[in-house]
Amino acid sequence: MSIGRTSNGSVLLAKRLMREKRDITENAPEGVVFSDSSDSLMRWNVDIVGASGTLYENERYTLRFKFSAAYPFEAPEVVFVGEEVPVHPHVYSNGHICLSILGDQWSPVLSVSSVCVSILSMLSSCKEKKKPPDDSAYMRYAPSTPRNTTWHFHDDDV
Amino acid sequence: MGNCLKSQGSDDISLLQGGSDGNPAHQQSRSESYSSASPMNESQDHLPFYYPPPEGSHGNQVNEENQIRIAKRIGLIQNLPTGLYDGCKKNQESVSLDSICTCIICMVEFALEDPVRYLPCMHTYHKKCIDDWLMRRLACPSCLEPVDAALLSTFDTS
Ligand SMILES: [Zn+2]
Ligand SMILES: [Zn+2]
């Protein structure tokens, strides 16, 4: 995918991503670990560590962020990657996450940091580790990217 | 309880019902159904123009109705006041300093004389930044205040 359709767009995108990268490197929120291992601006891996006192205490997972040319006007694609993904009612076995801010409720004021914080709080508020009820059904036809899934966002009160 | 996946042909009501988790993104009343599957736009020079949705999204046919909707939207956006940035008004206590001095879309501080657009909620953004967003969704990215409520009645009646 190209970086931008207009020079204006690609400048905004690159500048914003570099700022976000600097912010998250210097000022990572609690439980968010970013080590700038890849040299790609358009694809980042960010680790999150479950908060103490929650079901996911000290569990470490990796989120992969992929930015389209339309970022920040369009939500990034965010999935759990790696050996293990958290067992959570909104996290499918393939790492896809059902979270409204990654879909219709996205706003350009959100950022990599705030998305990580939202996902951490989604984990923190979980009272029982279980897979989504439709996990196996979803896995049968899941698209390669969650962006192609139209989610039904129910309340996150799980 | 629920299923994360959206049933076909579902509507905004289901989204509205998902709004009890304290996420500010959820507290918004949706003024329209301009979903992520709709055509997206990007600005070139000043005027946003139409281009087909990216591959992978369920593409709507470019049809006359869409073009009319886009033309109306452009007209509506252009009715919003603009100006040249005239300095950081640090005495406005109600809004945090950061959000007055920085365009939260591109995360760059306003420079004097930058063309900016003022939304009815008094949030300010670079003109080129906010116009791109408003083509996707007519709400302030920061406070999610719909920007069309007042304007639509005068603009959309013909
Ligand atoms: Zn800006
Ligand atoms: Zn606002």
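Rules and cut-offs
- Residues numbered from 1 in each chain as written.
- Chains lettered and ligands numbered in written order.
- Predicted model: local features only at pLDDT ≥ 70, side-chain atom pairs only at ≥ 80, totals over all residues.
- Heavy atoms only, no water.
- Helix = DSSP H or I, 4+ residues; strand = E, 2+ residues; numbered from the N terminus.
- Buried < 20%, exposed > 50% of the residue type's maximum accessible area, 1.4 Å probe, protein only.
- Donors = N, O, S within 2.8 Å, 3.2 Å for Na, K, Ca; no water.
- Tetrahedral: all angles 85-135°; square planar, octahedral: opposite > 155°, others 65-115°.
- Salt bridge = Lys/Arg side-chain N within 4 Å of Asp/Glu carboxyl O.
- Phe/Tyr/Trp six-rings, centres within 6.5 Å; stacked < 30°, edge-to-face > 60°.

Draft legend 1. Molecular detail of the side chain of threonine 149 of chain A. Within the element layout of this structure, threonine 149 of chain A appears in the segment after α3 (135–141). Take threonine 149 of chain A: its relative accessible area is 12%, and that puts it in the buried class.

Draft legend 2. A look at the coordination of the zinc ion (ligand 1). Residues and elements named next belong to chain B. At 2.1 to 2.4 Å from the zinc ion (ligand 1) lie its protein donor atoms, namely Cys103 (SG), Cys106 (SG), His126 (ND1) and Cys129 (SG). The coordination sphere of the zinc ion (ligand 1) comprises four donor atoms, whose angles at the metal cover 95 to 118 degrees; the geometry is tetrahedral. Each donor residue of the zinc ion (ligand 1) belongs to the same chain, and together they define the spacing C-x2-C-x19-H-x2-C. Note that cysteine 106 is positioned in the loop between β4 (102–103) and β5 (108–109) and cysteine 129 in helix α4 (residues 127–136), a separation of 23 residues in sequence.

Draft legend 3. Structural view of the pattern of salt bridges. Following the criterion strictly, the structure yields eight salt bridges over all chains and no others. Three or more residues are tied together by salt bridges with common partners; here these are Arg117, Lys127 and Asp131 of chain B.

Draft legend 4. Geometry of the packing of aromatic side chains. Residues and elements named next belong to chain A. If you walk through the whole model with that rule in mind, you get nine aromatic pairs over all chains. Each ring, one from tryptophan 44 and one from phenylalanine 67, has its centre 5.4 Å from the other, and the planes form 65 degrees; the classification is edge-to-face. Placement of tryptophan 44 in strand β2 (residues 43–49) and of phenylalanine 67 in the loop between β3 (60–66) and β4 (77–81) is noted, with a sequence separation of 23 residues between them. Since its relative accessible area comes to 5%, phenylalanine 67 is described here as buried.

Honestly, it's all geometry; don't read function into it.
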